[in-house]
Amino acid sequence: MWSAGCMEQWMPTAAMVTTNVVIAIMTALIKQALNQGMNRLVLITFRQMVATVFLGPIAYFKERKMRPKFTTEIFMYMFLSGILGPVLLQYTLFVGLDYTTATFAATFSNMLPVVTFLISLAFRFEALEVRSMSGSAKISGTLISLGGAMMLTFYKGSALTHTTSSISPAASSSGHGQAGGQHGTVRWVLGSVSMLANVVGFALWLLLQRKFTKKYPAVYSATAFMSLFSFIQAGALTLSIQRSTIAVWALRGTVEIVTVVYCGVVASGMGYLLLTYCVEKRGPVFTAAFSPLSQIFVAGIDLFILHEPLYLGSVLGSVLVIVGLYLVLWGKKEEAASKTVALAKPVQAEIEQQDKV
């Protein structure tokens, strides 16, 4: 009995650690595939095709008795979710990975709770009590995270490792002179802007899902349909851009094949199921608190396998982003606890009044 309870308690933690390992391996594989010249839109198309084939049967058998009616409104939600989520978000992520490093991209992803909080505040989905401890923590965490993002973008600093990278301004400068260094810096800034667009788009997509899941609570079916729509959208976009180049669709080498299968089945399929399980068991704050783990795993793969350089600016910016992330999460947790206590007080008072009678 104790063993079963212990397992129930630690399963969400184990699931989140596994999820972050999955994300780290996915990021490294995508980086390698892009370095070998794989087309970004082709990668998105194949990934969503595999995810559709994997999730479709699961959604059909698991939710066939509870799937809501397919209306025009539901269709529009799925269409927008597909084009904003898997297509645009993956494309900006791939550009960021191509122009920077896997560690850098993982660090920027840690800003998601902060950016989501800011957008929710702007649309009045979330309130902010400035004078409370939780409100002060969320404001401080947001400012610290934004400061870390600025440092990541505009301050690279000296290399802390002796590895070289094709995107490093320092390396470019030594190999191609001042013009090469400036080109490397421009690529780094463009990659940073792309990752910022990715995080902002992801936050908007999450807010869209918040409304969509209320209208269509069959999450497996919704994800399968979204994968199908994004597969068609990405495929149509790729065909319109690369209509004269058939060779771009050919998967060359083991890395590209493994990347497509892994991203479609493990990352989009199993990874989503693990995330859904953790959110259901422990809530979104618990889930978001594990996001820095993926950065640590990615940094290890980046440094020891991909041999990407590690810069001082990346380390300092990462520390600021993670500190800001945990301040925002702590503020949200305290705010949720205060609301729970406030809601419980009238009930407790009513119980005490009945006891007196």
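Every value quoted in this text rests on a predicted model; they were computed, and no experiment measured them. (Residues numbered from 1 in each chain as written. Predicted model: local features only at pLDDT ≥ 70, side-chain atom pairs only at ≥ 80, totals over all residues. Heavy atoms only, no water.)

(A) Looking closely at the overall build of the protein chain. Within the protein chain one finds 12 helices and 0 strands. Along its sequence from the N terminus, the protein chain presents helices and strands in the succession α-α-α-α-α-α-α-α-α-α-α-α. Counting over 357 residues, the protein chain shows a buried share of 45%. Long-range contacts, defined here as pairs at least 24 residues apart, represent 87% of the contacts in the protein chain between residues at least 6 apart. (Helix = DSSP H or I, 4+ residues; strand = E, 2+ residues; numbered from the N terminus. Buried < 20%, exposed > 50% of the residue type's maximum accessible area, 1.4 Å probe, protein only. Contact = heavy atoms within 4.5 Å.)

(B) A look at the side chain of Thr238. Looking at where Thr238 falls in the secondary structure, it is placed in helix H8 (residues 219-241). When its relative accessible area of 0% is taken as the criterion, Thr238 is described as buried. Apart from the residues lying within four places of it in its own chain, the contact partners of Thr238 are Leu41, Val42, Thr45, Arg243 and Trp249.

(C) Examining the pattern of salt bridges more closely. The final tally for this structure, using the stated rule, is 2 salt bridges. As a salt-bridge pair, Asp98 and Arg40 come within 2.8 Å of each other at their nearest N and O atoms. Separated by 58 residues along the polypeptide, Asp98 in helix H3 (residues 72-99) and Arg40 in helix H2 (residues 40-63) bring together distant segments of the chain. One exposure class covers both Asp98 and Arg40, and it is buried. One salt bridge connects Lys215 with Glu73, and the closest N-O pair in it is separated by 3.2 Å. Of this pair, Lys215 sits in helix H7 (residues 169-215) while Glu73 is found in helix H3, placing the two residues 142 residues apart along the sequence. (Salt bridge = Lys/Arg side-chain N within 4 Å of Asp/Glu carboxyl O.)

(D) Local environment of helix H5 (residues 112-122). Most of H5 sits out of view: 8 of its 11 residues are buried. Within H5, burial applies to Leu112, Pro113, Val114, Val115, Thr116, Phe117, Ile119 and Ser120. At the C-terminal side of H5, Arg124 shows a positive phi close to 60°.

(E) Layout of a nonpolar patch on the surface. Among the surface-exposed residues, Phe70, Phe75, Met76, Phe79 and Leu80 lie close enough to one another that they form a single nonpolar patch of about 420 Å² accessible area. Note on placement: Phe75 falls in helix H3. Classification of Phe75 by relative accessible area gives partly exposed; the value is 32%. (Patch = residues over 30% accessible without salt bridge, like charges linked within 9 Å, V, L, I, M, F, W, Y side chains within 5 Å. Areas by Shrake-Rupley, 256 points an atom, 1.4 Å probe, with all protein chains shown as cover.)

(F) View of the packing of H3 against H8. Closest axis-to-axis distance for the H3/H8 pair is 8 Å, and the angle between their directions is 65°. Note that H3 runs across H8; the crossing there is right-handed. Residue-level inspection shows Phe75, Met78, Phe79, Ser81, Gly82, Ile83, Pro86 and Val87 of H3 in contact with H8, the latter providing Ala222, Phe225, Met226, Phe229, Ser230, Gln233 and Ala234. A per-class count over the contact of H3 with H8 returns 11 nonpolar, 4 polar and no charged. (Axes fitted to C-alpha atoms, helices over the stretch in contact; angles between N-to-C directions. Left-handed = near helix turned anticlockwise from the far one by under 90°. Nonpolar A, V, L, I, M, F, W, Y, C, P; charged D, E, K, R; others polar.)

(G) Quick look at the packing of aromatic side chains. Counted by the stated rule, this structure contains 8 aromatic pairs. Residues Phe46 and Trp249 carry aromatic rings whose centres are separated by 5.9 Å and whose planes lie at 85° to one another, so their mutual orientation is edge-to-face. Placement of the pair is Phe46 in helix H2 and Trp249 in the loop between H8 and helix H9 (253-282), with a sequence separation of 203 residues. (Phe/Tyr/Trp six-rings, centres within 6.5 Å; stacked < 30°, edge-to-face > 60°.)

(H) Structural view of the packing of H5 against helix H6 (residues 133-154). Here H5 crosses H6 at 120°, and the two axes come no closer than 10 Å. Relative to H6, the element H5 lies oblique. For H5 against H6, the interelement crossing comes out left-handed. Of H6, the residues touching H5 (which contributes Val114, Phe117 and Leu118) are Lys138, Thr142, Ser145 and Leu146. Classifying every residue of the contact of H5 with H6 by side-chain character gives 4 nonpolar, 2 polar and 1 charged. (Parallel < 35°, antiparallel > 145°, perpendicular 65-115°, else oblique.)

(I) Spotlight on the side chain of Ser134. Inspection of the secondary structure puts Ser134 in helix H6. What makes Ser134 buried here is its relative accessible area of 10%. Setting aside chain neighbours within four positions, we find Ser134 in contact with Trp330, Gly331, Glu334 and Glu335.

(J) Quick peek at the confidence of the model for the protein chain. Averaged over every residue, the pLDDT of the protein chain is 80; residues scoring 70 or more account for 86%. Model confidence for the protein chain, summarised as mean pLDDT per element, is weakest for helix H10 (residues 284-288) at 68 and strongest for H2 at 92. Within the model, the stretch residues 165-179 combines pLDDT values under 50 with 24 contacts to residues more than four positions away or in other chains. (pLDDT = per-residue confidence, 0-100.)

(K) Just the environment of Ala106, in detail. Here Ala106 shows up in helix H4 (residues 102-109). Expressed as a C-alpha distance, the spacing of Ala106 and Leu293, which sit 187 residues apart in the sequence, is 9.5 Å. In this view, Ala106 contacts Gln295 and Val298; residues no more than four positions away in its chain are not counted.

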